[in-house]
Amino acid sequence: MIHMKYRHSVLSMVGTKRETLENLMRLKLLTGGIALSLSAAVMAADLSVEIGNIEHDKGQVRVVLYDNSDSFLNEEKSLVIQKSPAAVGTLTVNFNHLQPGDYALVAYHDEDGDGKLDRFLGMIPSEGYGLSRNPKVFGKPDFNDARISLSDDDRITIHLNY
């Protein structure tokens, strides 16, 4: 039996059963939310893309990330576009906090800075360009030609063709 002098202090620390259960539920929800946040952060991956074979420093290099075949080659529907001033040789751009999955990238040297890949006769690229996986493609490429699967942090290289 608790002495009367200490009974009030013990009850104020413990509270009622209902308050104790409510506090335990809050703690459980809080720790569960933290665990979910941490697992989502752990699942995200970073992709480092090295662009090679840049012939000159006019304009900018654009690297466009797509996450599905329906949007592929339509920059307005792309997931992310990275832009960097052109520099002879190589440059690196990073895509951070990507969810695991399939992606395809298009890189091109936008020499005139108009924000699009210029084409001769509307079909043949007249500025340097490349795709993830560096495939040899004849005709219009599709998502599967350039598809990469991302599950962890990764680094790829895209070589521009002029």
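Look a little higher up for the structure.
Thresholds applied
- Residues numbered from 1 in each chain as written.
- Predicted model: local features only at pLDDT ≥ 70, side-chain atom pairs only at ≥ 80, totals over all residues.
- Heavy atoms only, no water.
- Salt bridge = Lys/Arg side-chain N within 4 Å of Asp/Glu carboxyl O.
- Helix = DSSP H or I, 4+ residues; strand = E, 2+ residues; numbered from the N terminus.
- Buried < 20%, exposed > 50% of the residue type's maximum accessible area, 1.4 Å probe, protein only.

Draft legend 1. Focus on the pattern of salt bridges. Taken as a whole and assessed by the stated rule, the structure comprises 3 salt bridges. As a salt-bridge pair, Arg62 and Glu75 come within 2.7 Å of each other at their nearest N and O atoms. Highlighted residues: Arg62 in strand 2 (residues 60-66) and Glu75 in the loop between strand 2 and strand 3 (80-85), separated in sequence by 13 residues. Since its relative accessible area comes to 21%, Glu75 is described here as partly exposed. The salt bridge involving Asp102 is made with Arg147; its shortest N-O contact spans 3.9 Å. With Asp102 in strand 5 (residues 101-110) and Arg147 in strand 9 (residues 147-150), this pair connects stretches of sequence that are 45 residues apart. Exposure remark for Asp102: the relative accessible area of 34% places this residue in the partly exposed category. With relative accessibility at 32%, the residue Arg147 sits in the partly exposed group.

Worth remembering: the numbers are spatial, not functional.
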